[in-house]
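The lines below spell out each chain.
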2 protein chains.
Amino acid sequence: MLDATSSYKPMGPRIPVTVTVADRTGHRIVPETTRRTDRFPGSRYGNRPTMKDVAARAGVGLKTVSRVVNGEPGVTPETERRVQEAIDALGFRRNDSARVLRKGRTASIGLVLEDLADPFYGPLSRAVEEVARAHGALLINGSSAEDADREQELVLALCARRVDGLVVIPAGDDHRYLEPELKAGVATVFVDRPAGHIDADVVVSDNFGGARDGVRHLIAHGHRRIGFIGDMPRIHTAAERLRGYRTAMEDAGIPVADGWMSLGVTDPERVRQAAREMLAGPEPVTAIFTGNNRVTVTVIRVLAEHARPVALVGFDDIELADLLQPGVTVVAQDAAALGRTAAERLFRQLDGTLIAPERIELPTRLITRGSGELPPAD
Amino acid sequence: MLDATSSYKPMGPRIPVTVTVADRTGHRIVPETTRRTDRFPGSRYGNRPTMKDVAARAGVGLKTVSRVVNGEPGVTPETERRVQEAIDALGFRRNDSARVLRKGRTASIGLVLEDLADPFYGPLSRAVEEVARAHGALLINGSSAEDADREQELVLALCARRVDGLVVIPAGDDHRYLEPELKAGVATVFVDRPAGHIDADVVVSDNFGGARDGVRHLIAHGHRRIGFIGDMPRIHTAAERLRGYRTAMEDAGIPVADGWMSLGVTDPERVRQAAREMLAGPEPVTAIFTGNNRVTVTVIRVLAEHARPVALVGFDDIELADLLQPGVTVVAQDAAALGRTAAERLFRQLDGTLIAPERIELPTRLITRGSGELPPAD
DNA sequence: TAGAGCCTGGACAACGTTGTCAGCCCGGGG
DNA sequence: CCCCGGGCTGACAACGTTGTCCAGGCTCTA
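One structure accompanies this document, and this report is about it. For clarity, every value in this text was computed on a predicted model and none was experimentally measured.

With that settled, consider the overall build of chain A. The helix and strand inventory of chain A stands at twelve helices and 14 strands. Looking at chain A residue by residue over its 378 residues, the buried ones come to 55%. Put simply, 63% of the contacts in chain A that link residues at least 6 apart link residues at least 24 apart.

We now examine the pattern of salt bridges. Applying the stated rule across the entire model yields 53 salt bridges over all chains. Each of Asp115(A), Arg150(A), Arg126(B), Glu129(B) and Glu130(B) takes part in a single network of salt bridges with overlapping partners.

A few words now on the sheet that holds strand β8 (residues 226-230) of chain B. Residue and element names in this part refer to chain B. If you walk across this open sheet you meet the six strands as β9-β8-β10-β11-β12-β14, and the pairing is mixed. Looking at strand neighbours, the two that pair on one side only are β9 (261-263) and β14 (365-367), the edges of this open sheet. When the angles between neighbouring strand axes are averaged without regard to direction, this sheet yields 15°. Two strands pair when backbone bridges link them, and β8 and β9 are joined in this way by three bridges, in the parallel orientation. When the sheet's bridge partners are listed, Gly230 is paired in β9 with Leu263. Each of β8, β10 (287-290), β11 (311-315), β12 (329-332) and β14 is contacted by helix α8 (residues 207-220), which is oriented at about 170° to β11, the strand it contacts most. Its contacts with the sheet put helix α11 (residues 293-305) on β8, β10 and β11, and the angle it makes with β11 is roughly 160°.

Quick look at the protein's contact with DNA strand D now. Near DNA strand D you find 29 residues, and of these Arg102(A), Gly61(B), Thr64(B), Arg67(B) and Thr79(B) are the closest. The share of sugar and phosphate among atoms of DNA strand D within 4 Å of the protein is 62%. A distance of 3.1 Å is found between a phosphate oxygen of DNA strand D and a backbone nitrogen or oxygen belonging to Asn95(A). Within the contact set of DNA strand D, a phosphate oxygen lies 3.1 Å away from a side-chain nitrogen or oxygen of Lys103(A). The element best represented in the surface near DNA strand D is helix α4 (residues 96-103) of chain A, accounting for four residues.

Turning our attention to the packing of aromatic side chains. Aromatic ring pairs are reported here in terms of the distance separating the ring centres and the angle at which the planes meet. All names here are of chain A. Under the criterion given, the structure shown has six aromatic pairs over all chains. Measuring from centroid to centroid gives 5.2 Å for Phe120 and Tyr121, while their planes differ by 75°, and the two rings are edge-to-face. Residue Phe120 is classed as buried on the basis of its relative accessible area of 12%. The buried category is assigned to Tyr121, whose relative accessible area is 3%. Summarising the aromatic geometry, the rings of Phe228 and Tyr245 are spaced 5.1 Å apart at their centres and angled 35° between planes, so their arrangement reads as tilted. With Phe228 in strand β8 (residues 226-230) and Tyr245 in helix α9 (residues 236-251), this residue pair connects regions lying 17 residues apart in the sequence. Note that Arg243 overlies the ring of Phe208, its terminal NZ or CZ placed 4.0 Å from the centroid.

Residues and elements named next belong to chain B. Compared with an ideal rise of 1.5 Å per residue, which puts 13 residues at 18 Å, helix α6 (residues 148-160) spans 18 Å between its outermost C-alpha atoms and is within 8% of the ideal. Of all the residues in α6, the buried ones are Arg150, Glu151, Leu154, Val155, Leu156, Ala157, Leu158, Cys159 and Ala160. Looking at where α6 begins, the residue whose side-chain oxygen comes 2.8 Å from the main-chain nitrogen of Asp149 is Asp147. Phi turns positive one or two residues past the end of α6, at Arg162, with a value near 65°.

Another point: the sheet that holds strand β12 (residues 329-332) of chain A. The strands making up a sheet associate through hydrogen bonds between their backbones, and the pairing can be parallel or antiparallel. Residue and element names in this part refer to chain A. Taking strand neighbours across the sheet as the criterion, the six strands line up as β9-β8-β10-β11-β12-β14 in an open arrangement whose pairing is mixed. Edge strands, defined here as strands with exactly one partner in the open sheet, are β9 (261-263) and β14 (365-367). Strand-to-strand twist across the sheet, computed as the mean angle between neighbouring axes with direction ignored, equals 15°. Judged from the four bridges that link them, strand β10 (residues 287-290) and strand β11 (residues 311-315) form a sheet pairing that is parallel. Each residue of the ladder has a partner; that of Ile288, found in β11, is Leu312. On top of the sheet, helix α8 (residues 207-220) reaches β8, β10, β11, β12 and β14; it is set at about 170° to β11, its chief contact. Packed onto the sheet, α9 meets β8, β9 and β11 and runs at close to 170° relative to β8.

Further remarks concern the environment of Thr296(A). Residues and elements named next belong to chain A. Mapping Thr296 onto the fold places it in helix α11 (residues 293-305). Looking at Thr296, the relative accessible area reads 0%, which means it is buried. Distance in space between the C-alpha atoms of Thr296 and Gly230 is 9.5 Å, their sequence separation being 66 residues. If near-sequence neighbours (up to four positions away) are discounted, Thr296 is found in contact with Thr290, Leu312, Gly314, Phe315, Ile318 and Val328.

Let us now look at the environment of Val83(B). All names here are of chain B. With respect to the helices and strands, the residue Val83 is situated in helix α3 (residues 77-90). For Val83, a relative accessible area of 0% corresponds to the buried category. Ignoring sequence-local partners within four residues, the contact set of Val83 consists of Val54, Ala58, Val60, Thr64, Val65 and Val68.

For the rest of this paragraph, the subject is unusual backbone geometry. In this model, Gln325(A) is joined to Pro326(A) through a cis peptide bond whose omega is -5°. Phi is positive for Ala145(B), which is not a glycine, with a value near 55°. As for its position among the elements, Ala145(B) is in the loop between β4 (138-143) and α6. For Ala145(B), a relative accessible area of 33% translates into the label partly exposed.

As a further point, take the nonpolar core. Note on soluble globular proteins: their nonpolar side chains tend to be buried together. Core analysis: the largest hydrophobic core is formed by 85 residues, its most contacted members being Ile229(A), Phe289(A), Val299(A), Ile229(B), Phe289(B) and Val299(B). Contacts of Phe289(B), omitting those with residues within four sequence positions, involve Ala211(B), Gly214(B), Val215(B), Leu218(B), Ile226(B), Gly227(B), Phe228(B), Ile229(B), Val313(B), Phe315(B) and Val331(B). Membership of the second largest hydrophobic core comes to 56 residues, among which are Val131(A), Val167(A), Ala342(A) and Val203(B).

The packing of two helices is summarised by the inter-axis angle and the distance between the axes. All names here are of chain B. Running from N to C, helix α1 (residues 51-58) and helix α2 (residues 62-69) cross one another at 105°; their axes reach a closest spacing of 8 Å. Between α1 and α2, the angle is such that the two are roughly perpendicular. Across from Met51, Lys52, Val54 and Ala55 in α1, the residues of α2 making contact are Leu62, Val65, Ser66 and Val69.

As a further point, take the pairing of β12(B). The two faces of a sheet get side chains in turn, since along a regular strand they alternate between them. All names here are of chain B. Side chains of β12 alternate between two faces, with Thr329 and Val331 and Val330 and Ala332 buried alike. Bridge count between β11 and β12: three bridges; the pairing is parallel. Paired with Gly314 across the two strands is Val330, which belongs to β12.

Here we come to the pairing of strand β3 (residues 108-113) of chain B. Residue and element names in this part refer to chain B. Counting buried residues in β3 gives six out of six residues, a clear majority hidden from the surface. Side chains of β3 alternate between two faces, with Ser108, Gly110 and Val112 and Ile109, Leu111 and Leu113 buried alike. With six bridges connecting them, β3 and β4 associate as parallel partners. Bridge assignment links Val112 to a residue of β4, and that residue is Gly142. By the bridge criterion, four bridges tie β3 to strand β5 (residues 165-168) in an arrangement that is parallel. Of the residues in β5, the one forming a bridge with Ile109 is Gly165.

Reading the values: the criteria
Residues numbered from 1 in each chain as written. Chains lettered and ligands numbered in written order. Predicted model: local features only at pLDDT ≥ 70, side-chain atom pairs only at ≥ 80, totals over all residues. Heavy atoms only, no water. Helix = DSSP H or I, 4+ residues; strand = E, 2+ residues; numbered from the N terminus. Buried < 20%, exposed > 50% of the residue type's maximum accessible area, 1.4 Å probe, protein only. Contact = heavy atoms within 4.5 Å. Salt bridge = Lys/Arg side-chain N within 4 Å of Asp/Glu carboxyl O. Pairing = 2+ DSSP bridges. Axes fitted to C-alpha atoms, helices over the stretch in contact; angles between N-to-C directions. Near = heavy atom within 4 Å. Polar contact = N/O pair within 3.5 Å; in protein donor to acceptor, adjacent residues only side chain to side chain. Phe/Tyr/Trp six-rings, centres within 6.5 Å; stacked < 30°, edge-to-face > 60°. Lys NZ or Arg CZ within 6 Å of the ring centre and 35° of its normal. Expected span 1.5 Å × (residues − 1). Core = buried A, V, L, I, M, F, W, Y, C linked by side-chain atoms within 4.5 Å. Parallel < 35°, antiparallel > 145°, perpendicular 65-115°, else oblique.

See below:
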């Protein structure tokens, strides 16, 4: 599934060895079949004690240990004490892999996002984690790096682990590969972007409305030549924001010139170049609408070196935006709310409270800080 | 272990049911014992097919399916085709829980950090994830929220899942609870802060040297009344940075006045207040050294409203620092390098390449942008 | 004092997979 | 004609836990 590059073999062979242990009376010595040892050759290692070992040491039955470990009733305080003592002495820790196998649920959910390092996903992940924690579940996550194959690989790896649910920020646009999983009961919620060719819960921001309002804001401040720099339109959010831009312009009766739009550039150097081109020429733009936080930051840099003041509204809030000169006006989406809403919906699916998939759209908020209120300078 | 707040029971009971299936000849009908069903009452659900089901459908033995699934040699192309067909038809996906139980390794590592949403940890997580991915392992992570109990709870939950290794950014200062785990062979690396009362690998930044150099920088630019605002000294990094400040001042023969230091305030409002106090009074500081990114941001806000220019050097880089007026001079640490180094060490432990725990210190870098080069204004 | 019922504890199977090992079939050599 | 070897295949046990169910001992009551 994933490629390894060293001698670490996640699932290596084992060497069977015969050892002897005292039975629970402490008297007889019985041979035990294949016990694992030498699991970490050349390094510190050791065998983990099992409930059986604890039972033997405490002089009780296996199930009694299980009862103590899980706080089930029906164990004498004296017995419980002996078991607890053995647990502490051996450093026993329940093996949840076995538990999961038996119980059918893993108490963990998977989160697949685009890039853990992107500041937009930090609060989102955190929100998902908080909800998961409140429900007693752990979070397994991975970055798709905006690659559909890698997304699928990750999702399927998570399904193989039998996560109870999945929160996915899709990179690809076809999720039919998830059909068997959905049928098998894996709760699934898509966030930030909709799922492709599949009927599933979706939580997104109002990308269209937000962008439209941001551009309208610029128009309201007298701009007519407004540039748009955004991501590849195959990314749903980018397409929606572009649509918002077009709609606002059209509603205002402003025809969009060819040179005003830059789509699909992400590399900072090329964004820089695109911005410069819009600002040059005979009819330069007097305002720019940027399609995401990374583009916004790059454009801010370009505008800082530019002679004439140029108005700017960006999609996504950025830290310190209020301290720049001028402050950066943005259309902010609530990343934490996206994550929280998605995760809560996920657990409601697991509850059985939810039946039909739904699409939830969270509002965006225009935050005016100065850059979007600059008048056209021409 | 963790508290639940809804009816989602990660490990619910099951209802045994008797069903019948055709055997692999397709003729006889044999009854099968307790099969799970109705696992997700009131919601979409389904039983996941197992290798046994695939084997029955393909008319082959269980082990043959296993061989096909794992790409083991010794299966006729024709047999393989039949098995593959059954796999696709049933939507079979190997259950890694069972696999883990059998093989002893989970191909997953745990990452415990302070706050997923903190921009400092984004690149760190991402770097750990990249290394894990290169080794075929998944990443399970959680936030300790700077709470020692929660850290322990998380770490132990991860150990119960039998992660192969742990990367921990410690919140607590006593990690003896990890001793049984270490002995059992759980590879462990502490990052950003050292472990307490335990002998383990540690990867940290040169907090002391970085802070000392930052303060020296201010002194070199003529400052003598220099303030320090940092986190609680019980956090190792905070203590080290404080030590760097003290050392630089001492080396320069400058006695530190009481009002110049603010320790342990994190709440933005109180940081703001602390900064204002340093800047007021008869002998106000002419420069401030801030102990982490959050404090730096807050202090920048205070200085923006302040009449006289005040020099500033902050620990940790912040985005857009170069675009502020003046640009913010910082002591930058390489979060990605911390994560990468730690994760690589982790896998070398698992390789068996590493024997003795070590402490690795990564250098910091002073980035001058203007705010640290302002002369004293008094 | 005997019987009913409760409390405690343990034997056993099952979860879904993989390692071991033995058996089958086929072809070739003695 | 028989035996041997190699290539495929499948039966079976084991991984560590939990659910079921039963046994034994105790208490309580009639």
